[in-house]
Amino acid sequence: MLTVIETRQIFAGETRLERVVFYLASFVAILIFFVGLAFRVRKYFAGRPLDLSRFRRKHLDRDLLGITRPVPVSRSIHEIASNGTVSKRNRGVGLAHLALFWGFLGLLAATTILSLDYDVVGNLTRIFGHHELSFFTGHFYLAYNAIFDLAGLAALVGLVGLIVRRARSTSIALDYKRAQIPEDGYSRARMAAGDLLFAYGLLAILVTGILIQALRIDASRFPPYERWTWMGYAIASAMHGIGISSTSAAAIHLWIWWIHIAMALAFVAYIPWSKAIHIMTAPANLLVRDSSATRRLPANNLDHPGYRSLDDFTSKELLSLDACTKCGRCHSVCPARTGGAPLSPRDLILDLRQWADRSAGLSMVLDWEQRPTASGPLVAGGRLAGDVILPATLWSCTTCMACVEICPVGIEHVPTIVSLRRSLVDEGTMDPTLQSALENLATQGNSFGKSARMRARWAKGLDFDLVDARKQHVEYLWFLGDFASFDERLGEISRILATVLRDAGVSFGILFEDERNAGNDVRRVGEEGLFEMLVEQNLAAFAGADFDKIFTTDPHSFNTLRNEYPVYGLDKPVLHYSEVLLEIMETNEGALANLGGRVTYHDPCYLGRYNRIFEQPRRLVELAGCELVEMPRNRTNSFCCGAGGGRIWMDDSVLTERPSENRMREAAELGVEQFVVACPKDYVMFSDAVKTTGNEGRIKVVDIVELVAEATRLVGAGSAGGEQG
Amino acid sequence: MSGPNNGVMVVLEATAGRLSDVSLELISLGKDVANSLGGPLVGVLIGASDVALTAVGCDIVDCYVDFGTIGYSSEMAVTALSARVEAIRPRLLLAPTGTLGLDLCSALSVAFDATLASYVVGLSVDAGRIQATSQLYGGKLLADCDLGDGFAIACVVPGSAVALQLGVGDVEVSNHSLDAIVGSLAIEPGIRHEPEASGVDIVAAELLVSVGRGIGASANLEVVQELADALGVPMSASRPVIDQGWLPKPHQVGKSGKKVKPKVYLSFGISGAPEHLEGMRQSEVIIACNTDPNAPIFKVAHYGTTLDLFDLVPELVELVEG
Amino acid sequence: MNIIVAMRQLADLVEELEVDSSGTDIDREFVKFVSNEWDEAALEEALCLKEAYGGTVTVVGIEEVDFHQTLHAALAKGADRAVELTGDFEGWIPTRQRAAALAWFIRECDFDLVLTGVQAADDLNGQLAGAIGAMLGVAHASVVTNISVEGSEAHITQELGGGVTSVSRARLPLVLGVQSARQAPRYVPISRIRQVMAEATIEKVPVTGESFGNTPQVLRLYAPEASGTATMLEGKPKEVASAIYDVLVAKGVAGSRKGN
């Protein structure tokens, strides 16, 4: 009796010549793949070595996971496996990509197993043993088919989902229109072609793969055990049903098989020369990304300030350029791009990638931008910051970190932008208003160009004396920052905060004229030397004062004091005033008036996205009895006011719509009466935006402390009235 | 060389066929000092002689007519004036703060070891000693100083005295030639370039809306531009705004820009440096908007406000547009 | 092309200046001193000239508060030599004294141009360019806004006021008071200044007993009377706007089209 062996014949029907052709083609394809990969890897190693030490470095006591301490590799692996970064704020795409991701990995495993059986085990046993062995039989064979059919289906469904979504999408994320239009024009048709080739090529490979399976089953006249190959069996039955006989199936099978093989091998060879490289670079980039790099910018470790050439980049940065899939999410969320500035984080990365590839003598098959005349990334011998990436583009960044937050492949745009800005600062290429701000910061320690001695002038309007932390011990050192100290509109808010704290019995003091700008935005402008000078001056002032903790008004100062100063030696806890206020309010909860009213709250970039303080201000709003209505873009997706990264010192007349105006229109949709902020720069930006968007009299910008003060004052007045009655 | 007599010498300039405003102010100032000292008032006119007769306060006017035709040279001015000082030996020389005054005064003070005071806004004579009041630190401080009993020079800020009325008086005019000087100059007489003509004429406007450094960013210019458009008047600006490139040069008001006398000068964010005040202080009504209550412009303005321009301008636009 | 740039420190005008107990000078103790802004323009023009024609730029000035910062910044921007004249210099230095010390130093140098700021806000005693020129016996010009050089000649542009300019051909050497440079003074990053501070040296040259002649004697220094002539308009923006509008209408410069 003939035993049924559940297997299939590998190379059923191909001649010896065809097998030679197959192996030769495979060899060439794999060779092209590895050569391409080697070139890419060599490009990455042209950069400064990966700083992997940060993963084992002894961290400072107050380093926070994901903020100043990189996320552990295990978490990155989990995010890669779950496609968590892809599905963030885009669940549909995330699920489709997850199906394709695991389906593709499954099919890769299937092919690898097959090759292992036939090419490795088979060959070894044939040469060294008595007869050829194969494990591709029996239960293993059945399980293999059942499982990898599922992978094939998942990949197919995922890919079709992604293709349909892309074809139907009208999102600006995917139209590839540049934010900065070169004078002579440009074409990204080849980029779009690269996408189509990638997507439809992969689809064709999947479909032909499934077809040959079905055709084989049809041709082999439906062995019953092949029911385990459930998808192939079903399709084969359907084919048979519409009249494809087993004989004709056998004939077509060979053709389709060759087509499938040719496309699959071509795809392997194509990977390192196209967007498809992201299947390797994206997970790699997610593994080595440094979530702390944007919050705690790396110092300039070069022998010259700022990036000028390929070897100034870190390997990680060069890798991340190749990880970009042009998904355009950063393009959508960028406040500069939204406002009509010439910056799009996506364009920046693509331009840098094209420039880096050219510098390394590499090329992409498609996936390149073309221009009639050499400019931008195509320019030969120009300055990196200045010609390849235009100054106006680099100066447009508000360092709001929305791009870093949303990037599914872990690109950190902001540190790269700052490194490029350092080159511009070194050359003195900057807005005249920025230049004068920096000069003022260098001479008087503030950007307002006012005398340092005027810093505490706002306090003159108080009916009590502020404690001088240089003369007397205080629990909290209050670090106001420039805006809360010098801006006429903010003096009143500083006085309210001082009064609330005094009334609550908080022990706090200030540094008076010894406080300097903390330097957060100075550093992000790219003036590293001035930042260091300000750090030294502030640390000297701290050393001359007696306090336990610091709290700041300004979230920007908060970021640098909390995350960057410890590197220079600050060893005191740093808080934001919303945290301090919440502590006070929670202990006094019973004694707060219910203010009522519909309000919305704007997350400042440097408080929320940077430092993950989302709930404290919201809790304050609640405690004051207001109804909090969230804007559609909130928390990690909050939309920048446009002031950060030194933008507040620059000319914004190039913008078609200021980010703050865009944000105010979002708030206006909600029908709220008050727009609550927790940042002095926000107060300034949005107070202007209320007027320029015609919402004056409808929406009022209030600082969170104004709500707190109002709630406390009403209670105070109420109880006083009670005593009289 | 004899010591100085009690005469006062004033440096006069002719522009556009008449004595300049500051020349008439200098005559008025010089006349007072000459009267106190009991000496003559001698004018040295750089330019056309036919206007010399209008220098009514002067006893004598020495004319260097050639300046009007052969062009300006700082060295030529110094040489010519040195010759007149040498000849007349005045007790006090008055020159206007401006290119001519800056070119002349320091050099003459060294050459004749004269006591020089700059940025002078007032002069007096006390027991034979000349005293001057100078405006320093961008108008933030004033200094009273003693110029001694020898030869003194005062470089006077325009607008420091009431200009003498133009007239035709009994003036002794003598013409002097520059021929002997011209040949040996290291700095040759220059070629004069008139300001570029432009579409805007801020000088002719009856109302000017003017902006200064205090507006902060060029974007804020739009806000003010809206007001100017609503009023249908040109925008003008102080030097920092022009230097930033926010508005073209023909819009500049001040010492190195244009001198304007509109019926109303409405300024935003202008602090009022002396160089700017020189160009607009003769406006009939000056309204200043500046958030700094200590801004010097409030000293020349008729009306002032410290409101933020963002608060004020939209309200004004609304009123103007009715 | 050898250029000497004379620079100096000046009380930062953003400070609230106070008069000291003598009543004849500002209180110099707590005031921040910064480089004179016109000197910065002179330095910028000198650096531009050096870039265009080659040569050297020497920056020189008198020992004053924080003058080293100015010299270091100048070196960082591209000056070749920084010289500090030391000696008996205290408080408010008269222009004549400053000029005498500078002329004493410059006389010994090989120079084509001496550039300095057209003025400084405390120039009670005249401006530097004319004084240095007269002391050196070299022709000078003030309010210069442009300089170009051809061989041993220069073309200099002077502003004559009211937008009128005059362009003269002149023989080198010259002493020029610079009103503005062809471009805004460049920014120099602090890191480069700090590098210069670590590496470069400032030459200290002692000046002794240069006589400088007559200068005015300050009797009293004081703030002008605070009460300006302006009537301050108080109230809400709407009220102030209305008051301003009334003035415009009263003067006949607004409101005529209101009837349309």
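Throughout this document, residue positions are counted from 1 along each chain, in the order its sequence is written. The naming scheme follows written order: chains are lettered A onward, ligands numbered 1 onward. Owing to the predicted nature of the model, reporting of local features is limited to residues with pLDDT of at least 70; listing and counting of side-chain atom pairs is limited to 80 or more, with chain, interface and lining totals taken over all residues.

Turning to the overall build of chain B, a few remarks are in order. Along the backbone of chain B there are 10 helices and 16 strands. Since a compact globule built from 322 residues should have a radius of gyration of about 20 Å, the 22 Å found for chain B is in line with a globular shape. Here the C-alpha coordinates of chain B stretch approximately 70 × 45 × 35 Å along the principal axes. Here a residue counts as buried when 20 or more other C-beta atoms fall within 10 Å of its C-beta, as exposed when 12 or fewer do, and as partly exposed in between; the C-beta atoms come from the backbone. Buried positions account for 60% of the 322 residues belonging to chain B. Summarising the internal contacts of chain B: among those between residues at least 6 apart in sequence, 64% fall at separations of at least 24. For the purposes of this entry, the term helix denotes a DSSP run of H or I that reaches at least four residues, the term strand denotes a run of E that reaches at least two, and both are numbered from the N terminus. The atom set for the radius of gyration is the C-alpha atoms, and the globule formula is 2.2 Å times the number of residues raised to the power 0.38. We call two residues in contact when their backbone-placed C-beta atoms lie within 7 Å.

Once that is clear, we can look at the sheet that holds strand 4 (residues 547-552) of chain A. Residues and elements named next belong to chain A. Two strands form a pair only when DSSP identifies at least two bridges running between them. With parallel pairing, the 5 strands of this open sheet are ordered in space as 1-3-2-4-5. What marks the edges here is a single partner per strand, and that holds for strand 1 (467-468) and strand 5 (574-576). Here strand 2 (residues 474-479) runs beside strand 4; their pairing, made up of 5 bridges, is parallel. Bridging from a neighbouring strand, tyrosine 476 pairs with lysine 549 of strand 4. This element, helix 23 (residues 555-568), spans strand 2, strand 4 and strand 5 of the sheet and lies at about 160° to strand 5. Every axis corresponds to a line fitted to the C-alpha atoms, with the helix fit spanning only the stretch in contact, and the corresponding angles, defined between N-to-C directions, vary from 0 to 180 degrees. Together, strand 2, strand 4 and strand 5 form the strand contacts of helix 24 (residues 577-587), whose direction differs from that of strand 5 by roughly 75°.

In this section: the confidence of the model for chain B. pLDDT is a per-residue confidence score from the predictor, ranging from 0 to 100. A residue-level look at chain B finds 97% of positions with pLDDT of 70 or above and a mean pLDDT of 88. In the predicted assembly, ipTM is 0.89 and pTM is 0.88.

Residues and elements named next belong to chain A. It is at 10 Å that the axes of helix 6 (residues 138-168) and helix 7 (residues 189-219) come closest, and there the two elements cross at 150°. Viewed along their axes, helix 6 and helix 7 adopt a mutual orientation that is roughly antiparallel. Seen from above, helix 6 lies across helix 7 with left-handed handedness. For the pair formed by helix 6 and helix 7, the contact residues are Gly152, Ala155, Leu156, Leu159, Leu162 and Ile163 on the first element and Ala199, Leu202, Leu203, Leu206, Gly209 and Ile210 on the second. Across the contact of helix 6 with helix 7, the residue classes tally to 10 nonpolar, 2 polar and no charged. Just so you know how the angles are binned, under 35 degrees is roughly parallel, over 145 roughly antiparallel, 65 to 115 roughly perpendicular, and the rest oblique. Crossings are assigned a handedness: left-handed for a near helix turned anticlockwise from the far helix by less than a right angle, right-handed for a clockwise turn. Residue polarity is assigned by list, with Asp, Glu, Lys and Arg as charged and Ala, Val, Leu, Ile, Met, Phe, Trp, Tyr, Cys and Pro as nonpolar; anything else, Gly included, falls into the polar class.

This brings us to the interface of chain C and chain A. The interface is formed by 14 residues belonging to chain C together with 19 residues belonging to chain A. Residue contributions to the side of chain C that touches chain A peak at 3 residues, all from helix 5 (residues 190-199) of chain C. When grouped by side-chain class, the residues that make up the side of chain C that touches chain A number 7 nonpolar, 1 polar and 6 charged.

Those residues of helix 10 (residues 278-288) of chain A not exposed but buried are His278, Thr281, Ala282, Ala284, Asn285, Leu286 and Val288 of chain A. Buried residues in helix 10 of chain A make contact with helix 3 (73-82), helix 4 (84-87) and helix 11 (315-323) of chain A.

If you look at the biggest cluster of nonpolar residues, it comprises 291 residues, and the most contacted ones within it are Val708 of chain A, Leu94, Leu108 and Ala154 of chain B together with Val5, Ile132 and Leu176 of chain C. Val264, Leu266, Ala295 and Val313 of chain B belong to the second largest nonpolar core, which has 53 residues in total. Here, a nonpolar core means buried Ala, Val, Leu, Ile, Met, Phe, Trp, Tyr and Cys residues linked by C-beta atoms lying within 7 Å of one another.

To continue, consider the environment of aspartate 682 of chain A. All names here are of chain A. Position of aspartate 682 among the secondary structure elements: in helix 27 (residues 680-692). A count of 29 C-beta atoms within 10 Å places aspartate 682 in the buried class. Counting along the chain gives 562 residues from aspartate 682 to valine 120, while the straight-line C-alpha distance between them is 65 Å. Excluding anything up to four places from it in sequence, aspartate 682 contacts His602, Pro604, Cys641 and Val677.

On to the interface of chain C and chain B, then. Chain C puts 70 residues into the contact, and the matching count from chain B is 77 residues. Every element with two or more residues in the side of chain C that touches chain B is listed here: helix 4 (128-136), strand 7 (140-150), strand 8 (153-161), strand 9 (164-171), strand 12 (217-222), strand 13 (231-232) and helix 6 (237-250) of chain C. Classifying every residue of the side of chain C that touches chain B by side-chain character gives 36 nonpolar, 25 polar and 9 charged. When strand 16 (residues 303-305) of chain B meets strand 13 of chain C, the two strands line up parallel, connected through 2 bridges. From the neighbouring strand, tyrosine 303 of chain B faces strand 13 of chain C, where its bridge partner is threonine 231 of chain C.

All names here are of chain A. The source of the domain bounds is an automatic or database domain assignment. In terms of domain boundaries, chain A breaks down into domain 1 (291-427) and domain 2 (434-718). The centre of domain 1, based on its C-alpha atoms, is set 30 Å off from the matching centre of domain 2. With 25 residues of domain 1 at the interface, the matching set in domain 2 holds 29 residues. Counting residues per element, the ones that place at least two in the side of domain 1 that touches domain 2 are helix 13 (335-338), helix 16 (402-406) and helix 17 (413-427). Here the residues of the side of domain 1 that touches domain 2 sort into 13 nonpolar, 7 polar and 5 charged.

A few words on the sheet that holds strand 1 (residues 2-6) of chain C. With mixed pairing, the 10 strands of this open sheet are ordered in space as 11(B)-9(C)-8(C)-7(C)-10(C)-6(C)-1(C)-4(C)-5(C)-11(C). At either margin of the open sheet sits one strand with a lone partner, and together these are strand 11 (191-193) of chain B together with strand 11 (203-206) of chain C. Taking each pair of neighbouring strands and ignoring which way they run, the sheet shows an average axis angle of 30°. In terms of strand pairing, strand 11 of chain B meets strand 9 of chain C through 3 bridges, oriented antiparallel. From the neighbouring strand, isoleucine 191 of chain B faces strand 9 of chain C, where its bridge partner is valine 167 of chain C. Across the sheet, helix 4 (residues 99-111) of chain B touches strand 7, strand 8 and strand 10 (174-178) of chain C, and the angle it forms with strand 7 of chain C is around 100°.

This part covers the domain arrangement of chain B. All names here are of chain B. We note that the domain assignment places domain 1 (8-182) and domain 2 (207-321) within chain B. In this structure, domain 1 and domain 2 have C-alpha centres spaced 32 Å apart. Contact with domain 1, which involves 6 residues of that partner, is made by 5 residues of domain 2. Taken together, the residues of the side of domain 1 that touches domain 2 sort by class into 2 nonpolar, 4 polar and no charged.

Before going further, it helps to spend a moment on helix 26 (residues 659-668) of chain A. All names here are of chain A. In terms of burial, helix 26 is a largely internal element, 7 of the 10 residues being buried. Of all the residues in helix 26, the buried ones are Pro659, Ser660, Glu661, Asn662, Arg663, Met664 and Ala667. Where helix 26 is buried, its residues touch helix 13, strand 6 (598-601), strand 8 (674-677) and helix 27.

Residue and element names in this part refer to chain C. Within strand 10, 5 of the 5 residues are buried, which leaves the element mostly enclosed by the surrounding structure. Pairing of strand 6 (residues 113-117) with strand 10, which is carried by 5 bridges, proceeds in the parallel orientation. Paired with leucine 115 across the two strands is leucine 176, which belongs to strand 10. In terms of strand pairing, strand 7 meets strand 10 through 3 bridges, oriented parallel. By the bridge assignment, alanine 141 is partnered in strand 10 with leucine 176.

All names here are of chain C. Between leucine 172 and the following residue, proline 173, the backbone shows a cis peptide bond with an omega angle of 0°. Located in the positive-phi region is valine 143, a residue other than glycine, with phi close to 55°. Assignment of secondary structure puts valine 143 in strand 7. Overall, the presence of 29 C-beta atoms within 10 Å leaves valine 143 in the buried class.

Here the focus is the environment of alanine 356 of chain A. Residues and elements named next belong to chain A. As for its position among the elements, alanine 356 is in helix 14 (residues 345-359). Using a count of 24 C-beta atoms within 10 Å as the deciding quantity, one classes alanine 356 as buried. Once the C-alpha coordinates of alanine 356 and leucine 310 are considered, the two residues, 46 residues apart in sequence, prove to be 6.5 Å apart. Setting aside its immediate chain neighbours within four residues, alanine 356 contacts Lys43, Leu310, Leu318 and Leu321.

Attention now moves to the packing of helix 20 (residues 488-503) of chain A against helix 27 of chain A. Residues and elements named next belong to chain A. Between helix 20 and helix 27, the shortest axis-to-axis distance is 10 Å and the interhelical angle comes to 135°. In terms of orientation, helix 20 lies oblique with respect to helix 27. Crossing of helix 20 against helix 27: the hand is right-handed. Residue-level inspection shows Arg489, Leu490 and Ile493 of helix 20 in contact with helix 27, the latter providing Pro680, Tyr683, Val684 and Ser687. Taken together, the residues that form the contact of helix 20 with helix 27 break down as 5 nonpolar, 1 polar and 1 charged.

So, on to the confidence of the model for chain A. Looking at chain A, the pLDDT average stands at 92 and 96% of residues meet or exceed 70. Here residues 718-725 of chain A scores under 50 on pLDDT; set against residues more than four positions off or in separate chains, the count is 1 contact.

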